[in-house]
Amino acid sequence: MFKVLKFILVALCLISAFVLGSQNPQLVQVNYIIASNTLPLAVIISICFLLGVLIGCFISFKLFSQLKWQNYRLKKQLAPEKNKNQLDVNKDT
């Protein structure tokens, strides 16, 4: 089910990108610190969108990996207590 939703989301993003590209053919001058360049507005929108997605993925990956590491450490701390509780239950029987 998740794969289908992911596919639909990607398809919607691609369709919206094509629509934006076809509706924005104007040329826009982009000034960098050192130079300037003239690009179509659709290209600038696409570049900004992709940069946003990449930055979002990087931040999400970083947060996700920190949470997984914290989960691993907490499970490791809990393991000796769990073994102790099992020994106490075995002594009672």
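Now for a quick tour of the structure.

### Quick notes on the overall build of the protein
Within the protein, the regular secondary structure consists of 2 helices and 2 strands. For the protein, the sequential pattern of α-helices and β-strands runs α-β-β-α. A total of 93 residues make up the protein; the buried ones form 4% of that total. As presented, the protein carries roughly 8,800 Å² of accessible surface, and 71% of it is formed by carbon and sulfur atoms.

### Focus on the layout of surface pockets
Looking at the largest pocket, its volume works out to about 220 Å³. Cys-13, Leu-14, Ser-16, Ala-17, Leu-20, Gly-21, Ala-42, Ile-45, Ser-46, Phe-49 and Leu-50 are the residues that line the largest pocket. Elements supplying a minimum of two residues to the lining of the largest pocket: helix 1 (2-23) and helix 2 (41-92). Top element by residues in the lining of the largest pocket is helix 1. It accounts for 6 residues. Per-class residue counts for the lining of the largest pocket are 8 nonpolar, 3 polar and no charged.

### Let's talk about the pairing of strand 2 (residues 36-40)
Pairing of strand 1 (residues 27-31) with strand 2 involves 5 bridges; the strand directions are antiparallel. When the bridges of strand 2 are listed, Asn-31 appears paired with Ser-36.

### Details of a nonpolar patch on the surface
A contiguous nonpolar surface patch, about 670 Å² in accessible area, is contributed by Val-43, Ile-47, Leu-51, Ile-55, Phe-58, Ile-59 and Leu-63. Note that Val-43 resides in helix 2.

About the criteria used
Residues numbered from 1 in each chain as written. Predicted model: local features only at pLDDT ≥ 70, side-chain atom pairs only at ≥ 80, totals over all residues. Heavy atoms only, no water. Helix = DSSP H or I, 4+ residues; strand = E, 2+ residues; numbered from the N terminus. Buried < 20%, exposed > 50% of the residue type's maximum accessible area, 1.4 Å probe, protein only. Areas by Shrake-Rupley, 256 points an atom, 1.4 Å probe, with all protein chains shown as cover. 1 Å grid on protein atoms, 1.4 Å probe; cavity = no way out; pocket = protein on both sides within 12 Å on 5 of 7 lines; lining within 4 Å. Points joined across faces, edges and corners; volume = space filled by probe spheres on them. Nonpolar A, V, L, I, M, F, W, Y, C, P; charged D, E, K, R; others polar. Pairing = 2+ DSSP bridges. Patch = residues over 30% accessible without salt bridge, like charges linked within 9 Å, V, L, I, M, F, W, Y side chains within 5 Å. Salt bridge = Lys/Arg side-chain N within 4 Å of Asp/Glu carboxyl O.

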